[in-house]
Amino acid sequence: MSAFAPSSGLTLQSTKDHNFRQLLSSHFINHVQVSRVPYAIPFLSVNVPFRVNSRKLKPITVSAASTIESPKISFRGKNPKDINVLVVGSTGYIGKFVVKELINRGFNVIAIAREKSGIKGKNSKDDTLEQLNGANVCFSDVTNLESLEKSVENLGVQIDVVVSCLASRNGGVKDSWLIDYEATKNSLVAGKKFGASHFVLLSAICVQKPLLEFQRAKLKFEAELMKEAEVDDGFTYSIVRPTAFFKSLGGQVELVKDGKPYVMFGDGKLCACKPISEQDLASFIADCVLKEDKINQVLPIGGPGKALTPLEQAEILFKLVGKEPKFLKVPIEIMDFAIGLLDFLVKIFPSLEDAAEFGKIGRYYAAESMLVWDPETGEYNAEATPSYGKDTLEDFFQKVLKEGMAGQELGEQTIF
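Summarised in this report is the structure supplied together with it. (Residues numbered from 1 in each chain as written. Predicted model: local features only at pLDDT ≥ 70, side-chain atom pairs only at ≥ 80, totals over all residues. Heavy atoms only, no water.)

With that out of the way, let us pick up the overall build of the protein chain. Scanning the protein chain from N- to C-terminus turns up 11 helices and 11 strands. Counting across all 416 residues of the protein chain, residues that qualify as buried make up 51%. For the protein chain, contacts bridging at least 24 residues in sequence account for 81% of all contacts bridging at least 6. Of the roughly 18,700 Å² of accessible surface on the protein chain, a fraction of 54% belongs to carbon and sulfur atoms. (Helix = DSSP H or I, 4+ residues; strand = E, 2+ residues; numbered from the N terminus. Buried < 20%, exposed > 50% of the residue type's maximum accessible area, 1.4 Å probe, protein only. Contact = heavy atoms within 4.5 Å. Areas by Shrake-Rupley, 256 points an atom, 1.4 Å probe, with all protein chains shown as cover.)

Below you can see the structure in the form of structure tokens.
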């Protein structure tokens, strides 16, 4: 999820009375740098619009040319209301739930957002302010380090924790490296520059078996995040690797409801997952902010209940709609042929690079389980995949049958 920095002046909008007032100036900070981050750069003053809620942000009181270091007293000893959590990817599918969960737990949330967010930028600034009500919303560009640093500087506060929910919009080659690696790294650099001593990363369980560009991009950042904690003993991380999201399994609900067959690859048993709801995942991510047993850990996480194959998911759905199960079983070899053809065409027409990658993404999710991978046995292990939360896939299907898929659109992540 990328963002775009505005060119207008600094404005404040209260979440209650919508009056504008000038943010406490941070002109007294001329240069801030963090040790062991060689790519941190000096910043200049800039005016960036953002909104502040009724809880006042605390200004950074440091002298010119000072260095913001990891707090001597851990932020984990503070009350949540005194902990500043910077959330990037705040308007994404999971990010907006994470923002809400952190607000409900009393944290002082600073949400970085694009001026036009949502699927294909359909949401305006006002829409975003409404969606992230209760957070301090800062419109900026996470793909531009200088812009992001200036935006955070103008907040005039020390950051305690960064939570990244950034993810590539479509899994394309360039977008994967721009968002899953570069923009996420920018968030780490900017966060540390202004005092962050903990980074919570929303990654993906599929990076265990990296065959796709977005997986390689995520893994590269994960490695650098771990390295940062190794060289800075005052810095920690939590890497969250969830299994499948509910929305990725709900695309056929309306088809089955209308009497159409359920489409699956092979015999419907090629893969399995322990899907997790957005609310349960948001709760787990919020746990990672303060819980010390999640420090410097890679945390695979799934939803409650047993792992489900596509066949079992279909059986649940047919039972709920009260219809006799009908299946359309597609040979996985069809995808292999299509991918081989696209790979050949890419050599002649480089512009087809993303199309070929999308085919590989579809093939991956059709055949690979979203469970913990055991490198010793060379198999996925459902028992080793932790469960969390209370929302089940059956609950989700029931809700979609009644209310539709509003709010669960795949947008640019749709493969077929």
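The method is simple in principle: a probe with the dimensions of a water molecule rolls over the atoms, and the space it marks as empty is what remains. Counting across every chain of the model gives two cavities of 30 Å³ or more. In this structure, the largest cavity occupies an estimated 40 Å³ of space. Residue lining of the largest cavity: Leu 166, Asp 180, Thr 184, Leu 201, Leu 202, Ser 203, Lys 218 and Glu 222, and that is the complete set. Counting only elements with at least two residues in the lining of the largest cavity, the list comes to helix 4 (173-193), strand 5 (198-202) and helix 5 (213-231). Taken together, the residues of the lining of the largest cavity break down into three nonpolar, two polar and three charged. (1 Å grid on protein atoms, 1.4 Å probe; cavity = no way out; pocket = protein on both sides within 12 Å on 5 of 7 lines; lining within 4 Å. Points joined across faces, edges and corners; volume = space filled by probe spheres on them. Nonpolar A, V, L, I, M, F, W, Y, C, P; charged D, E, K, R; others polar.)

A few words on the sheet that holds strand 2 (residues 108-113). As summarised here, the arrangement of the seven strands in space is 3-2-1-4-5-6-8, forming an open sheet in which the pairing is parallel. Of all the strands in the sheet, just strand 3 (136-139) and strand 8 (297-301) have a single pairing partner and so form its edges. On average, adjacent strands in this sheet sit at an angle of 20° to one another, irrespective of strand direction. Here strand 5 pairs with strand 6 (residues 236-242) via five bridges, running parallel. Bridge pairing in strand 6 places Phe 199 opposite Tyr 237. Sitting on the sheet, helix 3 (residues 145-155) touches strand 1 (84-88), strand 2 and strand 3, and the angle it makes with strand 3 is about 145°. Most of the contacts of helix 4 go to strand 5, to which it runs at about 165°, and overall it touches strand 1, strand 4 (161-164) and strand 5. (Pairing = 2+ DSSP bridges. Axes fitted to C-alpha atoms, helices over the stretch in contact; angles between N-to-C directions.)

When you line up the elements, Gly 171 lands in the loop between strand 4 and helix 4. A residue is classified by how much of its surface remains accessible, and Gly 171, at 6% relative accessible area, is buried. With residues up to four places along the chain from it excluded, the contact list for Gly 171 reads Ser 176, Glu 357, Phe 358 and Ile 361.

Let's shift gears to the environment of Tyr 93. The residue Tyr 93 is located in the loop between strand 1 and helix 1 (95-104) in this model. Spatially, the C-alpha atom of Tyr 93 lies 9.7 Å from that of Phe 245, the residues being 152 residues apart in sequence.

Further remarks concern the packing of helix 8 (residues 310-321) against helix 11 (residues 393-403). Two elements in contact, helix 8 and helix 11, have axes separated by 10 Å at closest approach and are oriented at 45°. For the element pair helix 8 / helix 11, the angle class is oblique. Handedness of the crossing formed by helix 8 with helix 11: right-handed. Mapping the contact onto sequence places Gln 313, Ile 316, Leu 317, Leu 320 and Val 321 in helix 8 and Leu 393, Glu 394, Phe 397, Gln 398 and Leu 401 in helix 11. Of the residues contributing to the contact of helix 8 with helix 11, the split by class is seven nonpolar, two polar and one charged. (Parallel < 35°, antiparallel > 145°, perpendicular 65-115°, else oblique. Left-handed = near helix turned anticlockwise from the far one by under 90°.)

This brings us to the pairing of strand 5. The two faces of the sheet receive side chains in turn, since in a regular strand these alternate between them. Burial analysis of strand 5 places five of its five residues in the buried class, the great majority of the element. Pairing of strand 4 with strand 5, which is carried by four bridges, proceeds in the parallel orientation. What sits directly across from Val 163, in strand 5, is Val 200. With helix 4 bridging strand 4 and the parallel strand 5, this β-α-β connection has right-handed handedness. For the crossover from strand 5 across helix 5 to strand 6, the handedness is right-handed. (Right-handed = clockwise from strand over helix to strand, strands pointing away.)

Membership of the largest hydrophobic core comes to 35 residues, with the highest contact counts inside it found for Leu 102, Val 163 and Ile 285. Elements represented by at least two residues in this core include exactly strand 1, helix 1, strand 2, strand 3, strand 4, strand 5, helix 7 (278-290) and strand 8. It is helix 7 that provides the largest number of residues to this core, a total of seven residues. When near neighbours in sequence (up to four residues on either side) are disregarded, Val 163 contacts Val 85, Leu 86, Val 87, Val 88, Val 98, Val 200, Ile 285 and Val 289. Among the nonpolar cores identified, the runner-up in size contains 29 residues, and Ile 110, Val 142, Ala 183 and Phe 235 belong to it. (Core = buried A, V, L, I, M, F, W, Y, C linked by side-chain atoms within 4.5 Å.)

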